[in-house]
Amino acid sequence: MTTDSHGSSRGPEPVAADHDAHAYDGIIEHDNKLPLWWQLTLYGAIVFAMVYWFGRRLDAIETPLQAYTREVAVQRAADAEEARKRGTIDDAMLATLGKDPATIAQGKAVFTATCAPCHRADAGGNIGPNLTDPYWLHGSKPVDIFHTVHDGVPAKGMPTWGPQLGEDRVETVVAYVLSIRDANVAGGKAPQGALEE
Ligand code: HEC
């Protein structure tokens with residue numbers, strides 16, 4: 001305690017009056033009360049740690065990686081929206097859609113329902129070619145892929161999807177194909193076409 005016999009607490013008291021004073025190696029230690037701010041940082045840190053620990057356990061607080069992924073997804077969605085608004089279907093536009101998780105998820109649903117029977121569920125190829133290897137029959141640029149899907153290759157068994165799916169869904173499924181290109185899934189069909197960058 002820092003209170004001296006007069007009840008004031010101004011600074012360290014004379015050693016003689018301090019019964020708790022403890023001398024060691026000629027250094028006198030006083031049992032001073034810790035300042036409030038110091039105690040607040042200590043107890044505050046303990047409370048914060050408990051809240052944070054439970055928050056993480058209950059998945060109520062996201063990890064930095066989750067926060068980052070969410071923010072990137074928001075940005076990608078805004079970019080995709082912007083690209084769609086511009087209205088021109090070009091490499092840049094399709095590449096932007098191919099980075100937006102929401103568009104990719106829609107495209108994946110279209111792929112599973114429409115394309116998987118011929119290209120396999122993981123796009124490793126079946127009747128149609130492997131879409132995850134770097135070999136392409138009809139070009140690997142986003143616009144090339146869009147045209148192949150939109151117009152098809154009827155003579156070779158690839159249907160014409162434009163009229164069936166509509167332009168928007170063709171865009172989303174192409175976005176999905178772009179997102180899995182070069183994934184080289186295991187057990188994929190042998191390469192067909194030319195090796196492309
Ligand atoms: C009835 C079977 C069939 C379905 C369904 C099908 N495809 Fe194909 N696809 C093919 C065949 C066969 C080829 C190869 C055409 C050729 O040999 O020129 C092909 C080629 C492609 C190519 C070009 C690959 C390259 O190497 O250039 C893309 C991209 C493609 N399909 C995407 C799709 C998408 C996306 C869907 C769904 C909307 C789809 N396909 C549905 C049979 C199919």
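In this report, the structure presented in the accompanying data block is examined. One numbering rule holds for all chains: residues counted from 1, following each sequence as written. Per-residue local features are limited, in this predicted model, to residues with pLDDT of at least 70; the limit for side-chain atom pairs, both in listing and counting, is 80 or more; totals at the level of whole chains, interfaces and linings are taken over all residues. Here the side-chain values reflect all heavy atoms present in the structure, with hydrogen atoms and water set aside.

Quick word on the coordination of the iron atom of the ligand
Here the term donor refers to an N, O or S atom within 2.8 Å of the metal (or 3.2 Å for Na, K and Ca), and because water is left out of the atoms, sites may appear incomplete. Looking at the iron atom of the ligand, one finds its protein donor set to be His 119 (NE2) and Met 158 (SD), positioned 2.0 to 2.2 Å from the metal centre. Square planar and octahedral assignments, for four and six donors respectively, both demand that opposite donors be over 155 degrees apart and that all other angles lie between 65 and 115; tetrahedral needs four donors with all angles between 85 and 135 degrees, and anything else is irregular. Coordination at the iron atom of the ligand is octahedral: its six donor atoms span angles of 86 to 179° at the metal. Linking His 119 in helix α4 (residues 101–119) with Met 158 in the loop between α5 (142–151) and α6 (162–165), this pair joins segments that are 39 residues apart in sequence. Side by side, His 119 and Met 158 carry an identical accessibility label, which is buried. Strands are runs of DSSP state E lasting at least two residues, helices are runs of H or I lasting at least four, and both sets are numbered from the N terminus onward. Per-residue accessibility, obtained with a 1.4 Å probe over protein chains only, is compared with the maximum for each type, and a residue is labelled buried under 20%, exposed over 50%, and partly exposed between these values.

Some words on the layout of surface pockets
Cavities and pockets were defined on a 1 Å grid built from protein atoms only: a cavity is a group of points that admits a 1.4 Å probe but offers it no way out, a pocket is an open group of points flanked by protein on both sides within 12 Å along at least five of seven lines, and a lining residue is one with an atom within 4 Å of any such point. Grid points are joined across faces, edges and corners, and a volume is the space filled by probe spheres set on the points. One number sums up the size of the largest pocket: a volume of about 570 Å³. As for the largest pocket, its lining consists of 29 residues, and the residues nearest its centre are His 119, Pro 129, Leu 131, Thr 148 and Met 158. Looking at the lining of the largest pocket, the elements with two or more residues in it are α4, β3 (135–136), α5 and α7 (167–180). Considering each element in turn, the lining of the largest pocket owes the most residues, six residues, to α4. Residues are grouped as follows: nonpolar covers Ala, Val, Leu, Ile, Met, Phe, Trp, Tyr, Cys and Pro; charged covers Asp, Glu, Lys and Arg; every other residue, Gly included, is treated as polar. Its residues assigned to classes, the lining of the largest pocket shows 18 nonpolar, nine polar and two charged.

So, a nonpolar patch on the surface
In this scheme, patches are assembled from residues that exceed 30% relative accessible area and form no salt bridge. Like charges are connected within 9 Å, while nonpolar side chains (Val, Leu, Ile, Met, Phe, Trp, Tyr) are connected within 5 Å. In short, Shrake-Rupley with a 1.4 Å probe defines the accessible areas, and a residue's cover is counted only from the protein chains shown. Every case where a carboxyl oxygen of Asp or Glu lies within 4 Å of a side-chain nitrogen of Lys or Arg is listed as a salt bridge. On the surface, Leu 34, Trp 37, Trp 38, Leu 42, Tyr 43, Ile 46, Met 50, Trp 53, Phe 54 and Leu 58 cluster together into a nonpolar patch covering about 1,100 Å² of accessible area. Relative to the helices and strands, Phe 54 resides in helix α1 (residues 36–57).

Structural notes on α4
Expected span, for any helix, means 1.5 Å times one less than how many residues it has. Under the 1.5 Å per step criterion, the end-to-end length of α4 is only 21 Å for 19 residues, more than 12% shorter than the ideal 27 Å. One axis fitted to the seven residues ending at a residue, another fitted to the seven starting there: the angle between these axes is the bend at that residue. In the structure, α4 departs most strongly from a straight axis at Ala 113, where the bend amounts to approximately 50° and where the proline Pro 117 lies between one and four residues downstream. If you check which residues of α4 are buried, you get Thr 103, Ile 104, Gly 107, Val 110, Phe 111, Cys 115, Ala 116 and His 119. Here the buried face of α4 lies against α2 (64–86), α3 (91–97), α6 and α7. Backbone geometry just after α4 places Arg 120 at a positive phi near 80°. Contacts between residues were defined by any pair of non-hydrogen atoms, one from each residue, lying within 4.5 Å.

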